[in-house]
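Structural overview for review
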Amino acid sequence: MFVLHIALQGCLRGDGVVYGLTADTGGHIRYLLDLVSASAQDRDVTRIVVATRLFSGPLGSAYAVPEEAITDKVTLVRLASASPGYRTKEEMHEEVASFAEGLVAWIAAQERAPDLIHAHYADAATVAALVEDRLGIPFVFTAHSLGRVKAAMLGETIPGPDLGRRIATEEAAFARAQLVIASSRDEAEVQYAGYGAYDPGRVRILPPGSDLARFAAAMPLPRIDAAIDRFLHDPGKPALLALARPVARKNLAALVRAYGESPALQEAANLVIIAGTRQDIDTLDGDMAATMRDLLVQIDRYDLYGRVAYPKTHCPDDVPAIYAHARARGGLFVNPALNEPFGLTLLEASAAGLPLVATDSGGPNDIVETCGNGLLVDPRDPDAIATACLRILGDPALYARCVAGGARAAAAYDWDRHAARYHVLLRALLAPQPPTPAPRQLLVCDIDNTLIGCAAALGIFRRWRSRQAGLAFGVATGRSFHSAMAVLEQQDSPRPQVMITSVGSEIFHLDANGVTYTADAAWRRVIAADWDRQAVHDALDGLTGLVRQGPLEQRTLKLSFFGDAAVARRVRARLDEARVPARVIHSHGRYLDVLPAGASKGTAVDHVRALYALPERAVFVAGDSGNDIEMLRARVQAIIVANYSDDLASNATLKHSYVARRTHARGVIEGVSYFRRMLAHVG
């Protein structure tokens, strides 16, 4: 497989990248270089080329070199475009057409054309679309950051010309790409959802990895310690460390403000800000000069001299020692960005042993949920930032839990795992499966603790599934589509032909290419007919004991809360009293979902059964918990796996179910075999 990456923004080179050299030389370059390095380890990937702009000028001669070998498989190719000098992302649209012409000519000169293009940022996607029009090479797209998100951060309800053009380019990229790769649920389900061309079934979450071993082994360096300590009156105090380019969206000024307005935090810790590399502030690119001046003004305003360190330079190899500096002093890492699409520095800091205080906007949601390594805060609330820092610093047990959570980051965010899933998707796009015949039976499983939860059982299920000709396979879960897809792919589950997600309020069908999915619009129309989300919200407002789940768990056709069984009864009573039609699903003793009255896993399975034109006796369902009850009691062929919860086996409405002796996916196979024998006997 020959993969061509297109990356136009920033100062890209094979090694020695000077992050922060320009406002556009940031994390996306690190992401790209790490991705191609991991991809190159796959024996089936024969060639990788990264195409970027060739330019000359004061930023260095390296960017005028037409070709740079990174490894024996990976080459960086620089192609000329209309302008000879560096162009910012706001100017890049002027280079797209000429760069595309150069790239088409370059491809034509190769012995073999790329199999697939991966575009990074929307201008690169425009190039990829032009190449696809000319040469028929499909492309996938990674947005990295988005114009609509930036416009929202800036409070621009009507974006200016630059942002408006960027947003339109992103819309076109979402519409054209075969597959869109996101780094987090926030990116896939919130940020992308603001676009008219958003199609959730063509988005996959592939969390980036990081070379975390070198951060876990990081040790302080006297040179780094001295560069920081020279700013501080008491350099032995815990360090609140921030490491980011000095651009407005990184919101470093809010951290200085939080520190400056909290005497308790100043007493407890020093503030260390590593804000890119600079010689003279006036020569900084883009908004970096203004951002640095703002930081210095804030430091002066709050008279923080001797308590804040802001070294002028560092190189990439210094970063582990910078984290180790803060760790050795019992400090923590703070990321106050207005939005962070992913947040590689969070993983690095965690691996180095630092607890996190991070923005609640973007990838940190996923990282903190996965690893349990810190606290999330509203980045626009300086008081919340200071309070979270003081809470971790003042609670040794919480500090230790966050450090322990950070140690799990290396296993959760691994480039080899990322590359393996990435290549499975690329190969599937390039070699779609032949159409499957109309199914004769349908199996729908819950995911958590039913299909997955035992690796050995899932391996047996995978092999069993491959032998089931005529059996359509689907899942029904409380997870969102992207959360479900991510966990299924991480566990190497068979790919479902149908996905019933968000407790039955959404249905997705596998496309003919065998990779992407299409939302079932007819189902959405049916269940939305009598759904009044605002009325549900108003009816439940202020209900004692009802705690709203996080923003990512809320859907257009689902409201999700925490609450015990008594709270669930009060929710039903409130809705009945207000005469608001809705369905209440309670599971695992604490999860409470409110859905349209017509939505449930059971009604969704019935909808799919009708689409497949199957009789009821041809449908098997399997589950383990309370949010499976609607599905289990609606089917004669209902399977309860042995590791069930919520007292399912004693539920009077489920007496017809088969309670398996085996757990997880083995129990599913056992149940299907039982019902097939029964059907054969009856037949």
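Criteria and cut-off values
- Residues numbered from 1 in each chain as written.
- Predicted model: local features only at pLDDT ≥ 70, side-chain atom pairs only at ≥ 80, totals over all residues.
- Heavy atoms only, no water.
- Helix = DSSP H or I, 4+ residues; strand = E, 2+ residues; numbered from the N terminus.
- Buried < 20%, exposed > 50% of the residue type's maximum accessible area, 1.4 Å probe, protein only.
- Contact = heavy atoms within 4.5 Å.
- Lys, Arg positive; Asp, Glu negative; His and termini not counted.
- Charge placed at Lys NZ, Arg CZ, Asp CG, Glu CD.
- Pairing = 2+ DSSP bridges.
- Axes fitted to C-alpha atoms, helices over the stretch in contact; angles between N-to-C directions.
- Core = buried A, V, L, I, M, F, W, Y, C linked by side-chain atoms within 4.5 Å.
- Disulfide = S-S within 2.5 Å.
- Parallel < 35°, antiparallel > 145°, perpendicular 65-115°, else oblique.
- Left-handed = near helix turned anticlockwise from the far one by under 90°.
- Phe/Tyr/Trp six-rings, centres within 6.5 Å; stacked < 30°, edge-to-face > 60°.

**Section: the overall build of the protein chain**
Secondary structure assignment for the protein chain yields 26 helices and 26 strands. Along the longest, intermediate and shortest principal axes, the C-alpha atoms of the protein chain span 85 × 65 × 45 Å. A total of 683 residues make up the protein chain; the buried ones form 58% of that total. Across the protein chain, every contact between residues at least 6 apart in sequence was considered, and the portion connecting residues at least 24 apart equals 67%. Considering the protein chain, the positive charge centre built from 72 side chains and the negative charge centre built from 76 side chains are found 6 Å apart.

**Details of unusual backbone geometry**
For Asn 251, which is not a glycine, the phi torsion comes out positive at approximately 60 degrees. Residue Asp 492 is not a glycine yet carries a positive backbone phi of 60 degrees.

**Thoughts on the sheet that holds strand β12 (residues 332-335)**
Strands belonging to one sheet form pairs held by backbone hydrogen bonds; the direction of such a pair is parallel or antiparallel. The strand order across the open sheet built from six strands is β11-β10-β9-β12-β13-β14, with neighbouring strands paired in parallel fashion. One side of each edge strand has no neighbouring strand; the edge strands of this open sheet are β11 (308-309) and β14 (374-377). Alignment of strand β10 (residues 270-274) against β11, held across two bridges, turns out to be parallel. Bridged to Val 272 within β11 is Ala 309. Taken strand by strand, helix α14 (residues 364-371) contacts β13 (356-359) and β14, and its axis lies near 150 degrees from that of β14.

**Describing the nonpolar core**
In this structure, Leu 540, Val 571, Leu 575, Leu 592 and Val 594 are the most contacted members of the largest nonpolar core, which totals 44 residues. In terms of residue count, helix α23 (residues 565-577) provides more of this core than any other element does, four residues in total. Leu 540 has contacts with Leu 546, Phe 561, Val 571, Arg 574, Leu 575 and Val 594, leaving out every residue within four places of it along the chain. Ranked by size, the runner-up nonpolar core spans 43 residues in total, among them Leu 4, Ala 124, Ala 128 and Val 203.

**Brief notes about the pairing of strand β18 (residues 506-510)**
The buried fraction of β18 is high, at four of five residues. Bridge count for strand β17 (residues 498-501) against β18 is four bridges, and the pairing is antiparallel. The residue bridging Met 499 from the neighbouring strand is Phe 508, located in β18. Hairpin connection of β17 to β18: four residues between the antiparallel strands, including Ser 502 at a positive phi of 50 degrees. Pairing analysis gives three bridges linking β18 to strand β19 (residues 517-519), with the strands arranged antiparallel. Looking at β19, one finds that His 509 is bridged to Thr 518. What sits between β18 and β19 in their antiparallel hairpin is a turn of six residues, with Gly 514 showing a positive phi close to 75 degrees.

**Remarks on helix α4 (residues 147-154)**
Taken together, the buried positions of α4 are occupied by Gly 147, Val 149, Ala 151 and Met 153. Immediately downstream of α4, the backbone of Gly 155 shows phi near 75 degrees, a positive value.

**A closer look at the sheet that holds β17**
Taken in spatial order, the eight strands make up an open sheet running β19-β18-β17-β16-β15-β24-β25-β26, and their pairing is mixed. A single partner strand is all that each edge strand has here, and the edge strands are β19 and β26 (658-659). With four bridges connecting them, strand β15 (residues 441-445) and strand β24 (residues 619-623) associate as parallel partners. Looking at the pairing, Leu 442 lines up with Val 619 of β24.

**Comments concerning the state of the cysteines**
Tallying each qualifying case throughout the model produces zero disulfides. Among the cysteines around Cys 315, which has no disulfide bond, Cys 11 carries the closest sulfur, lying 17 Å off. No disulfide involves Cys 445; its sulfur sits 14 Å from the nearest other cysteine sulfur, which is in Cys 454. Among the residues examined, Cys 445 registers a relative accessible area of 0% and is labelled buried.

**Looking at the packing of helix α2 (residues 96-108) against helix α3 (residues 122-135)**
The interhelical angle for the contact between α2 and α3, taken along N-to-C directions, is 45 degrees, at an axis separation of 9 Å. When the interaxial angle is binned, α2 and α3 end up oblique. For the pair α2 and α3, the sense of crossing is right-handed. Counting all contacts with α2, which are made through Val 96, Phe 99, Ala 100, Glu 101, Leu 103, Val 104 and Ile 107, the residues of α3 involved are Asp 123, Thr 126, Val 127, Leu 130, Val 131, Arg 134 and Leu 135.

**Quick look at the packing of aromatic side chains**
Using the criterion set out here, one finds 17 aromatic pairs in the structure. Centroid distance Phe 141 to Phe 174: 5.6 Å. Interplanar angle 70 degrees. Geometry classified as edge-to-face. Taken together, the residues span a long stretch of sequence, with Phe 141 in strand β6 (residues 139-142) and Phe 174 in helix α5 (residues 161-176) at a distance of 33 residues. Take Phe 141 and Phe 174: they sit in the same class, and that class is buried. Relative to Phe 473, the ring of Phe 461 has its centre 5.5 Å away and its plane inclined at 55 degrees; by these criteria the two rings are tilted. Of the two residues, Phe 461 is situated in helix α19 (residues 455-466) and Phe 473 in strand β16 (residues 471-476); the sequence distance between them amounts to 12 residues.

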